[in-house]
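Here are the chains, one letter per residue:
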There are 2 protein chains.
Amino acid sequence: MITSTVENYVKQIYLQQQEDPTSLLPMGKLASAMKVVPGTATAMVKTLSDSGLVDYEPRGGIRLTHGGEQLALHVLRRHRILELFLVDVLGLDWSEVHEEAETLEHAVSDKVLERMDKLLNHPQVDPHGDPIPTAKGQIRKVRLIPLSEFAPDTAAEIARVADQDPAFLQFAEKNGLIPGVGLSLLGRDVHADSVTVRLENDVTVTLGGKAAEKILVRAATE
Amino acid sequence: MITSTVENYVKQIYLQQQEDPTSLLPMGKLASAMKVVPGTATAMVKTLSDSGLVDYEPRGGIRLTHGGEQLALHVLRRHRILELFLVDVLGLDWSEVHEEAETLEHAVSDKVLERMDKLLNHPQVDPHGDPIPTAKGQIRKVRLIPLSEFAPDTAAEIARVADQDPAFLQFAEKNGLIPGVGLSLLGRDVHADSVTVRLENDVTVTLGGKAAEKILVRAATE
DNA sequence: AATAGAAGTTTGAGGAATCAAAGAAGGGGG
DNA sequence: CCCCCTTCTTTGATTCCTCAAACTTCTATT
């Protein structure tokens, strides 16, 4: 049976793999992402391998099989629709829905999920701008530019805030750094490791490199 | 930690105890209600007893402590609000929400639950007419009369359908036997073990004793 | 009262997921 | 080229929940 632990591992493998899609995911990365000791990850990966969800090369690393990726996308779909549902229907704050969805994603049936999807009008992205895979397991991969690498003097719009830490999200919200908001790059200071932008409401915000990496933008579509 | 298994046992003990509130609940009843072998129930009850959730008399039976009852009511509240939410907000059929809620009741946080409660306008009963305990763990106990014992020639209203089997609920729905519907007793045939009622839409329905026991009514409040 | 049968408890074992700690593999610096 | 350090795997143990089956207690019936 697919336990919620298995779902979590597979989801995490998928997310980690996105960071570096070319090479095999090392055990250590997975173990620390799952917050377990390395031995636990090894044991679990063996059962995932036996279930045909990952390809496992001992001491080499792992990679999701097609089946594993489909499962990961299925879990991710549940997670992201739930996040949006919690924000749009139940009025929770976008900074707190990640944790809630983390539990619920293993408990909602497909039937309930599709009702939510319908109620939300088949959304494409969750409250943080993360794309929602389709029920058939397809995900739109859009090339977004981190604010830290964004070219000056171009109009852009925030597409995604790539961090689920409530504290960071609250900071982002307070400063108007929310998906859909337009902005333009005022300046970048390499030595100060900082980026300054002007938002559509004319407020200017300066971010350090770490924070600027997490704000992903796309060229504005007027 | 309170696992969902513990929550299920405590909930089930509460429900079973309602059937016969005066005496201790025998192990066998609990075991069959939980669909486990008797030995499993014994083992589990010991840990419930160690956690102070039940009083356990070996070979005598069990009874919830105050703490156990509070936990049971908390779980029941989650279950019933979820059922109503699934019907009223997501449009699921009342015959199928019990199963859905059975899983979700262990995954939903208090925060999310109270949002649902608010959205539903602090309901008193779930779609089947079962009372919803308050957040403080209080439950309104109303004396309802089974159709099988109902006095003739009195106007009444269906208050509750006490069965969660989807098949029975679908039957009830098809025949208009839904909480809130008014009816009057046309006749009872002791030898045929049957009861005939006329519903408010003038349809008459005849039920056997087993079914009539599950339809609970209250004197009509005009 | 003796005893058969029902009801309940105990014991031994197994699967899922975890950790701690010992052991093996592999790669880079001296 | 060898050793050492990092990374990974193995091993042994633990917790939670379950079952099967042996065993005990109680009750009711003759």
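A. Representation of the protein's contact with DNA strand C. Looking at DNA strand C, there are 19 residues lining it, with Thr 3 of chain A together with Gly 28, Thr 42, Lys 46 and Tyr 56 of chain B nearest. In DNA strand C, the atoms that sit within 4 Å of the protein are 82% sugar and phosphate, with bases accounting for the remainder. Between DNA strand C and the protein, one listed contact pairs a phosphate oxygen with a side-chain N or O atom of Tyr 56 of chain B at 2.2 Å. A distance of 3.0 Å separates a phosphate oxygen of DNA strand C from a polar atom in the backbone of Arg 59 of chain B. When residues of the surface near DNA strand C are traced back to their parent elements, those giving at least two are helix H1 (4-19) and helix H3 (38-50) of chain A together with helix H2 (27-34) and helix H3 (38-50) of chain B. For the surface near DNA strand C, the element with the most residues is H3 of chain B, which contributes four residues. By residue class, the composition of the surface near DNA strand C is nine nonpolar, six polar and four charged.

B. Structural detail: the protein's contact with DNA strand D. Of all residues adjacent to DNA strand D, which total 19 residues, the nearest are Gly 28, Thr 42, Lys 46 and Tyr 56 of chain A together with Thr 3 of chain B. Between DNA strand D and Gly 28 of chain A there is a distance of 2.8 Å, counted from a phosphate oxygen to a backbone nitrogen or oxygen. Where the surface near DNA strand D is concerned, the elements lending two or more residues are helix H2 (27-34) and H3 of chain A together with helix H1 (4-19) and H3 of chain B. Counting residues per element, the surface near DNA strand D draws most heavily on H3 of chain A, at four residues.

C. Structural detail: the pairing of strand E1 (residues 54-57) of chain A. Residues and elements named next belong to chain A. Sheet topology places E1 next to strand E2 (residues 61-64); four bridges connect them, and they run antiparallel. The residue of E2 that forms the bridge with Asp 55 is Arg 63. Between E1 and E2, which pair antiparallel one after the other, the connecting turn spans three residues, and Arg 59 there sits at a positive phi close to 65 degrees.

D. Local environment of the nonpolar core. Grouped together as the largest cluster of nonpolar side chains are 34 residues, with contacts concentrated most on Leu 90 of chain A together with Leu 90 and Met 116 of chain B. Secondary-structure elements contributing two or more residues to this core are helix H4 (66-88), helix H5 (97-104) and helix H6 (110-119) of chain A together with helix H4 (66-88), helix H5 (97-104) and helix H6 (110-119) of chain B. Aside from chain neighbours lying at most four places away, what touches Leu 90 of chain B is Phe 85, Val 112, Arg 115, Met 116 and Leu 119 of chain A together with Phe 85 of chain B.

E. Fine view of the sheet that holds strand E8 (residues 215-219) of chain B. All names here are of chain B. Taken in spatial order, the six strands make up an open sheet running E3-E8-E4-E5-E6-E7, and their pairing is antiparallel. Sheet topology places strand E3 (145-146) and strand E7 (204-208) at the edges, where each strand pairs with a single neighbour. Where strand E6 (residues 194-199) meets E7, five bridges bridge the pair, whose relative direction is antiparallel. Following the sheet pairing, Ser 194 is matched in E7 by Gly 208.

F. Region of the structure containing the pairing of strand E4 (residues 155-161) of chain B. All names here are of chain B. Pairing between E4 and strand E5 (residues 182-189): three bridges, direction antiparallel. Along E5, the bridge assignment pairs Ala 155 with Ser 184. In this structure, E4 lies alongside E8, joined through five bridges in antiparallel fashion. Residue pairing in the sheet places Ile 158 in a bridge with Val 217 of E8.

G. The arrangement of empty space enclosed by the protein in detail. Throughout the structure, instances matching the rule amount to one cavity of 30 Å³ or more. In this structure, the largest cavity spans a volume of roughly 90 Å³. Forming the boundary of the largest cavity are 16 residues, of which Leu 82, Leu 104 and Met 116 of chain A together with Leu 104 and Met 116 of chain B lie nearest the centre. For the lining of the largest cavity, the secondary-structure elements that each account for two or more residues are H4 and H6 of chain A together with H4 and H6 of chain B. When its residues are assigned to classes, the lining of the largest cavity shows 16 nonpolar, no polar and no charged.

About the thresholds
- Residues numbered from 1 in each chain as written.
- Chains lettered and ligands numbered in written order.
- Predicted model: local features only at pLDDT ≥ 70, side-chain atom pairs only at ≥ 80, totals over all residues.
- Heavy atoms only, no water.
- Near = heavy atom within 4 Å.
- Polar contact = N/O pair within 3.5 Å; in protein donor to acceptor, adjacent residues only side chain to side chain.
- Helix = DSSP H or I, 4+ residues; strand = E, 2+ residues; numbered from the N terminus.
- Nonpolar A, V, L, I, M, F, W, Y, C, P; charged D, E, K, R; others polar.
- Pairing = 2+ DSSP bridges.
- Core = buried A, V, L, I, M, F, W, Y, C linked by side-chain atoms within 4.5 Å.
- Buried < 20%, exposed > 50% of the residue type's maximum accessible area, 1.4 Å probe, protein only.
- Contact = heavy atoms within 4.5 Å.
- 1 Å grid on protein atoms, 1.4 Å probe; cavity = no way out; pocket = protein on both sides within 12 Å on 5 of 7 lines; lining within 4 Å.
- Points joined across faces, edges and corners; volume = space filled by probe spheres on them.

Bear in mind that shape data such as this cannot, by itself, settle questions of function.
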